[in-house]
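Structural characterization, general
For reference, the chains in residue letters:
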Amino acid sequence: RMPSRSAAVLALAAAALPAARAQREVPAGRGLVSGLRIDFNNRINDDLNNLGGYPGGFKVGCTVEEERHVPDWYNTPLSPDGYLCGAGCRCEQQAYDDLAGEPFELRFKSVGKLFHGGTADNYTDLDLVVKNLTEYTPWNSSDTGRNTGQTFASISMAANSTTRFEFAFEDASTRSTTNTRISITEGFDFCFFDLDTGVEGHLQESIEAYSVTDYYHHGQKPESNEKMPAYHIASSTKTIADYICNNIDVANYMDITISDDETAATKSVSVFSKVEGRGSDNPRAWREVLLYDSDGDVDEAYAVGMCSDYDTCPDSGTSGIAEYGPKTAKGESRFDMRVATTKPGTVGRNDGAVSPFNPLEEKTCSPGATTRDSATGVYDDDDAVRSGIRAGMPFRYVMPKFICFTHPADVDHFEVELSVGVGEVEVGYGRNFLFAGTPQIEKCCMPQGLEIDFLLPRDETVSDVNMLGGHPGGKDASNSCKVTRTDNTHYYYTDEPDEEGVIWRDVADSECNCGCQCQCDITPEQRNAAAEANQSLRLRKVGRLYDGVGFNIEKTLDLVVTNTSEYVPWNTSHNGREHNEVTGTFAQISVAADQTVNFTFTFEDSDNPGEVVTIEYDFDFCFFDMDTGVSKDAEGEPIFPDGHPVLAESLRACGNIADIYHHGQLPSGSTHRMRPVICGDEVVDSSQYLRIERGESDGCVEVEAVAEGIGKDNPKNWDEVLLTRTAITGGQNPLRTCDDYNKCPASGVSGEARGPGDQMKDIIPAPPGTCTPGQTESGAGLYPNDRRKVRASLEGKPLRYTVPKFFCLTYAAPTSSFSVQFKVGPNQPGMIGYGRNFLFAGTQTTNECVDQCYEPPTPPPSPPPPPPPP
């Protein structure tokens, strides 16, 4: 053991943070907020990913060819078909052009907060900057950096290579002018995960950490419990030590040695991996590597089980996954495992010795029995937190392979050396080193409020009810309602087929005064009846309420949309959210041309449909792509004599509306969670896109689109409409900044003729003029001309076609429902059967929520007063 130990505090960042957060009141007597917090689970698109001069990150588009091991790719900066992105891949020149002139570094922007003591907002925002101090070759640079949905970052390393890296802390607020390093005033921890080898001991991962005061892992706990509140838990007695298990023996997984100088205040620690692993056992969040000690003051929500579960046999009586990985290069079973050792002059080369220890083999045991050192425990159905670490995978594949190093106070950087041993072939393979920080602060952070998320989950089936107005909807609807007649009468769908299979009846002929199969002025009782009759659009489990006490969801909500006036859709196959199951985070409702429809949006308990839920927190609800159709003919003359736009979208929203914001009008509150990603009126002139009025008597908001648009302009997710005003540490990942919105592109021309017959001519500047590339030209900025960063339909297109056409409403508590009137203007004369789709979503960003969780020691009682004088 190392002689010097410092406090080790873990503040666990959740893999998916809720959409709405509010700061909780600080409990009386709680201590001050101080120390370092590092959180990689935030804005990944802002990072500078150019470590060693290799463009990196999941969007870099590195292509791995079938023949990975072409020798002339290796250590070659340029090949006939592309640029080096690692030892076994190539990437397009565009990736290099995008980073031309940028420093050779990996800059994780705004991932650190150094709290200075006092209130929760007294901190310095930090970048973590990684640079290679010696030669560096990645395996695949697209794996370097961080990705959505995980709290760890990674560095990709080529086989048979060793690189020393520097991790430095710099002031995020000065990065654009100067690189100012910041000393961390308290000791802090930094951890590495999934240290293992490839088959037969090849590709051995090893680490040497310099100038550390301590290290810990399962089987070796940090000893000091001073000032050690755990992650987001409102108690000062929960510590990282309570989630480290003594019964897990890592000796078969890692060789750990420390420097010999016993008098030194800090040490160097070397770690060599010893057992095989594969990508699917890589953890992505702290919870996946933690178990809790039954003797500690713990919260079960932050670990996958108890320490005793590690040695408990599963119900199947078998622990292990057959055919876990590929066979070796010799065609032998992967389970013929070998020890990875180091020979002089090599890096982790296998010496061929067969290991008597094999954690990958299947073990048989007695179901439910707990046997010391058996390591038979597995992740169960509730514990499987992602698709890789799935139910039935043994804990031993994951948990004994991480180690944390404690660094001293008053340092502004630290250094580690990472090594990967030789592969089975000469070149082309490698490993990814996973790492994360453990925030050394006295804090809690709890979600509080309403989260609305329309993105369909991928790990379960959620069955929405898509029968708005009685019309079957969604992309899989077999009889999607669509206006197809060529006259001006309105029609509704009926189940009574004629010889062609479907009847469309004139609304005037029906007995329904608001159109058949819709509801008018419904009461709560009628709403419940309508839900039972499936006469609504019920978006299942899209809302989650958090009470600010813990991460447990207080209530899961359905959002139920019901029409309260005649509803004639354009095409009900567009209704709902199924069409967005891959990348979209919006839902939509289709409305036919020349229609005005009233809708009610109501929150109901997902577990008790029909039970209306009142939201006791403020929340935002937003509408997107508000525009018109082509309103001028080929000669540029208005199609309608009075100049009225074609197929113009407008809406009228009523309810307890406290605020409205959009590009060109910031949210009212200076700390509003969306404020950092909304541009002010000095950047965007919103009057060119939206006409917005607020009723003085009823408080309703009316919005009318005034700019033309086409379907390809439609955004699919938040990233495509947000622009960054300042560096922020949570929420979405905008593709551009506000400064980019008015920047003249390299071509000198922004926009093109588009739409039917190319009649939509929104081009800046007006032809034949041009603007000066890089200079300010109102509204001339473009989306990236790079398909790795943006969808093909938006690639290289003007930001103004999409970004300024949305707005958000803030509904004040308490709110259980709100009403919106959607209106679509008439189409061109003689063109019947068209309409528009109204897109909507809840906000998907977060507030930082930092509370004081440390309970200082109780002071000794005051001495009794002296006795009165005689």
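Before going further, it helps to examine the overall build of the chain. Tallying secondary structure elements over the chain gives three helices and 42 strands in all. Within the chain, the fraction of its 870 residues that count as buried is 57%. Intrachain contacts of the chain at a sequence separation of at least 6 include 76% that bridge at least 24 residues. For the chain, the exposed area adds up to about 35,500 Å²; of that, 47% sits on carbon and sulfur atoms.

Along the chain, P768 falls in the loop between β39 (760–761) and β40 (807–811). Given the relative accessible area of 82%, P768 is considered exposed. Separated by 19 residues in the primary sequence, P768 and V749 place their C-alpha atoms 9.3 Å from one another.

Attention now goes to unusual backbone geometry. In the segment running from P767 into P768, the intervening peptide bond is cis, with an omega of 5°. Here the residue pair A813 and P814 is connected by a cis peptide bond, since its omega of -5° sits within 30 degrees of zero. If you trace the backbone, P814 turns up in the loop between β40 and β41 (817–824).

Another point: the sheet that holds strand β42 (residues 835–842). Strand order in the open sheet made by the five strands is β29-β42-β31-β40-β33, with antiparallel pairing throughout. In this open sheet, the two edge strands, each paired with only one partner strand, are β29 (587–592) and β33 (657–661). Averaged over all adjacent pairs, the angle separating strand axes in this sheet is 25°, with direction ignored. For β33 and β40, the ladder comprises four bridges, and the chain directions are antiparallel. Directly across from I660, in β40, lies its bridge partner L809.

Enumeration over the complete set of coordinates arrives at seven disulfides. Here C313 connects covalently by a disulfide to C365, the sulfurs 2.0 Å from one another. Measuring the twist about the S-S bond at about 75°, one finds the C313-C365 disulfide to be right-handed. Of this pair, C313 sits in the loop between β15 (267–273) and β16 (318–319) while C365 is found in the loop between β19 (363–364) and β20 (403–407), placing the two residues 52 residues apart along the sequence. Its relative accessible area of 3% is what places C313 among the buried residues. Paired through a disulfide, C622 and C808 show a sulfur-sulfur distance of 2.0 Å. Judged by the sign of its S-S torsion, about 105°, the cystine formed by C622 and C808 is right-handed. One end of the pair, C622, is in strand β31 (residues 619–624); the other, C808, is in strand β40, and 186 residues separate them in sequence.

On to the packing of aromatic side chains, then. Summed over all chains, the structure comprises 45 aromatic pairs. Ring centres 5.6 Å apart and planes at 20° place the aromatic pair F193 and F402 in the stacked group. In this pair, F193 sits in strand β11 (residues 188–193) while F402 sits in the loop between β19 and β20, placing the two residues 209 residues apart along the sequence. The ring of Y210 has R164 lying over it, and the distance from NZ or CZ to the ring centre is 3.7 Å. Over the face of the ring belonging to Y801 we find R754, whose NZ or CZ atom lies 3.5 Å from the ring centre.

Okay, the side chain of S650 next. On the secondary structure map, S650 appears in strand β32 (residues 649–654). Taking the relative accessible area as the measure of exposure, S650 reaches 16% and is therefore buried. Contact partners of S650, with chain neighbours within four places excluded, come to M626, V703, E704, Q821, F822, K823 and F838.

Here we come to the confidence of the model for the chain. Across the chain, the average pLDDT comes to 74, with 66% of residues at 70 or higher. Across the chain, the secondary-structure element scoring lowest on mean pLDDT is strand β17 (residues 338–340), at 33, and the one scoring highest is strand β35 (residues 701–705), at 97. When the criterion is pLDDT under 50, residues 439–445 qualifies, and its contacts beyond four places in sequence or with other chains add up to 51 contacts. Low confidence marks residues 726–733, where pLDDT is under 50. Its contacts with residues over four positions away, or in another chain, come to 30 contacts.

With that out of the way, let us pick up the nonpolar core. Counting residues in each nonpolar core, the largest one holds 75 residues, and the members touching the most others are F40, I155, F167, W286 and F405. Ranked by residues supplied to this core, first place goes to β11 with five residues. For F167, the residues in contact, after removing those within four places along its chain, are L128, V129, V130, I155, F190, D412, H413, F414, V416 and F435. Grouped together as the second largest cluster of nonpolar side chains are 73 residues, I615, C738, L799 and A841 included.

Attention shifts here to the pattern of salt bridges. Applying the stated criterion across every chain yields a total of 36 salt bridges. Salt bridges sharing common partners tie together E105, R107, D127, K131, E170 and R175.

The next point concerns the pairing of β31. The buried fraction of β31 is high, at six of six residues. Along β31, one buried face is formed by F619, F621 and F623 and the opposite face, lined by D620, C622 and F624, is buried too. For β31 and β40, the ladder comprises five bridges, and the chain directions are antiparallel. Bridge pairing in β40 links F623 to F807.

One open sheet accounts for six strands, arranged β8-β9-β22-β11-β20-β13; its pairing is antiparallel. One side of each edge strand has no neighbouring strand; the edge strands of this open sheet are β8 (145–146) and β13 (214–216).

Alternating residues of β41 divide into F818, V820, F822 and V824, all buried, and S817, S819, Q821 and K823, none buried. In terms of strand pairing, strand β30 (residues 595–605) meets β41 through eight bridges, oriented antiparallel. What sits directly across from Q595, in β41, is V824.

Mapped onto the elements of the fold, K221 is located in the loop between β13 and β14 (254–258). A relative accessible area of 17% places K221 in the buried class. Among the polar contacts made by the side chain of K221, one reaches the main-chain carbonyl oxygen of I244 at a distance of 3.3 Å.

Moving on, we come to the environment of S206. Position of S206 relative to the elements: it lies in strand β12 (residues 205–212). On a C-alpha basis, the gap between S206 and S270 in space is 7.4 Å, while along the polypeptide they are 64 residues apart. Excluding residues that lie within four positions of it along the chain, S206 makes contacts with V271, F272, E417, L418, S419 and F433.

This part covers the environment of Y801. Residue position: Y801 is located in the loop between β39 and β40. Discounting residues that sit within four places of it in the chain, Y801 has contacts with D713, G751, E752, R754 and D762.

Criteria and thresholds
- Residues numbered from 1 in each chain as written.
- Predicted model: local features only at pLDDT ≥ 70, side-chain atom pairs only at ≥ 80, totals over all residues.
- Heavy atoms only, no water.
- Helix = DSSP H or I, 4+ residues; strand = E, 2+ residues; numbered from the N terminus.
- Buried < 20%, exposed > 50% of the residue type's maximum accessible area, 1.4 Å probe, protein only.
- Contact = heavy atoms within 4.5 Å.
- Areas by Shrake-Rupley, 256 points an atom, 1.4 Å probe, with all protein chains shown as cover.
- Pairing = 2+ DSSP bridges.
- Axes fitted to C-alpha atoms, helices over the stretch in contact; angles between N-to-C directions.
- Disulfide = S-S within 2.5 Å.
- Phe/Tyr/Trp six-rings, centres within 6.5 Å; stacked < 30°, edge-to-face > 60°.
- Lys NZ or Arg CZ within 6 Å of the ring centre and 35° of its normal.
- pLDDT = per-residue confidence, 0-100.
- Core = buried A, V, L, I, M, F, W, Y, C linked by side-chain atoms within 4.5 Å.
- Salt bridge = Lys/Arg side-chain N within 4 Å of Asp/Glu carboxyl O.
- Polar contact = N/O pair within 3.5 Å; in protein donor to acceptor, adjacent residues only side chain to side chain.

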